[in-house]
Amino acid sequence: MERIPIIIDTDPGVDDFFCLALCCAFKDLFDLRAVTTIGGNNSTDVTTQNALDILKLFKRAEVPVARGAGRYLCGSFGLPVIKAHGINGIGNVYLEHSDTKIDRLKAWDKIHREAIKSNGKLVLVCVGPETNLAMAFSKYPQLPSFIRRIVIMGGTLTTGNATEYAEANIWHDAEAAKIVFESGVPIDMIGLNVTRKAPLTKTIFEDIECDPKIKDVIMELISFRHEEAMHDAVAMATLINENIMTFKDAHTSVIEGKDEKRGMTVADYDQIPNSRVAVDINVEEYYKVMREMLRRLAEI
Ligand code: RIB
Ligand code: CA
């Protein structure tokens, strides 16, 4: 079977770690063309080094890491999100430092180049604020026709986490998210309404043997997050097993501006769809994928 050419746009990030882990573990399914980085959970400098370190841990140092924006479209990054991601962005867990150089292309140029090379088959998994994608679409107006699908961890159909109405990735750069949702590329929106239903507990992994260098980090990160959901992993898992998620076609719009509803994602099921929004999750199937991930990581 032909592997899916994929780019992960990310702000690692504890749950971003699990998204990258899944992609590296299932390398028979995914041709990981690049990881592109953005700030959010921490500065872009920190998230970029984290991406390099995570790839080194999973023996994928050859994957190019292209640095993305140093600010949102309409504002600067806030302070690092220490409570959810630790001082270093990855739960205060120490990872061996990678000396691999950052790609010479910026994130948006890398996305464009790989999209052209992939002849319309490229899938983008976006698990951070959508600034890099918006910049890519603004710089390269033809780009949407070269991308097969964008899988987004972002938004919510119920309550948010940045505010009552908005999920963090969308809220941080609502202007960018709007550009992405209006790009014409088919979008899967994996929102908090489903990811929250799938907490990741240590018991899921307890009986699986794996190099402690990897398993200890995984267990520490789960503890750091008090066994809550790893949102970004859920988004990635939908590409591994299509039965994990129930989707509904919708026209999703993003509320911009500065008022209390900034970053809200509104799904209208009666308009021409621009997306599929996740409405339900099969948690057991998701856990099976996560267990298989660790089994595979034991063999890298
Ligand atoms: O709201 C959850 C999202 O915000 C995740 O992508 C997490 O990593 C943070 O960026
Ligand atoms: Ca993230």
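## Comments concerning the coordination of the calcium ion (ligand 2)
Taken together, the protein ligands of the calcium ion (ligand 2) are Asp-11 (OD), Asp-16 (OD), Asp-16 (OD), Val-127 (O) and Asp-232 (OD), with distances of 2.3 to 2.7 Å. If you list the donors of the calcium ion (ligand 2) from N- to C-terminus, the spacing comes out as D-x4-D-x110-V-x104-D. Highlighted residues: Val-127 in the loop between β4 (122-126) and α5 (131-139) and Asp-232 in helix α10 (residues 231-237), separated in sequence by 105 residues. Like Val-127, the residue Asp-232 is buried in the burial classification.

## Structural notes on α5
Of all the residues in α5, the buried ones are Thr-131, Asn-132, Leu-133, Ala-134, Ala-136 and Phe-137. Here the buried face of α5 lies against β1 (4-10), β2 (30-37), α4 (107-117), β4, β5 (147-153) and α7 (174-181).

## Section: the nonpolar core
Counting 68 residues, the largest nonpolar core has Phe-17, Phe-18, Leu-22, Phe-205, Ile-218, Tyr-286 and Met-293 as its most contacted members. Top element by residues in this core is helix α1 (residues 14-25). It accounts for 10 residues. Contact partners of Tyr-286, with chain neighbours within four places excluded, come to Ala-198, Leu-200, Met-230, Ala-233, Val-234, Ala-237, Ile-244 and Ile-281. Counting residues in each nonpolar core, the second largest holds 32 residues, with Ile-38, Leu-133, Ala-136 and Ile-147 among its members.

Calculation criteria
- Per-chain numbering applies: the sequence of each chain, read as written, is numbered from 1 onward.
- Working convention: letters from A go to chains and numbers from 1 go to ligands, in the order in which they are written.
- Thresholds applied to this predicted model are a pLDDT of at least 70 for local features of residues and 80 or more for the giving and counting of side-chain atom pairs; totals over whole chains, interfaces and linings are not thresholded and use all residues.
- Hydrogens and water are ignored here; the side-chain numbers use all heavy atoms of the structure.
- Coordinating donors are taken to be N, O and S atoms lying within 2.8 Å of the metal, or within 3.2 Å when the metal is Na, K or Ca; because water is excluded from the atom set, some sites may appear incomplete.
- By definition, any uninterrupted DSSP run of H or I lasting at least four residues is a helix, any uninterrupted run of E lasting at least two residues is a strand, and each is numbered from the N terminus.
- Each residue's exposure class comes from its accessible area (1.4 Å probe, protein chains only) as a fraction of the maximum for that residue type: buried when under 20%, exposed when over 50%, partly exposed otherwise.
- Contacts: residue pairs with any heavy atoms within 4.5 Å of one another.
- Remark: nonpolar core denotes a set of buried residues (Ala, Val, Leu, Ile, Met, Phe, Trp, Tyr, Cys) joined through side-chain atoms within 4.5 Å.

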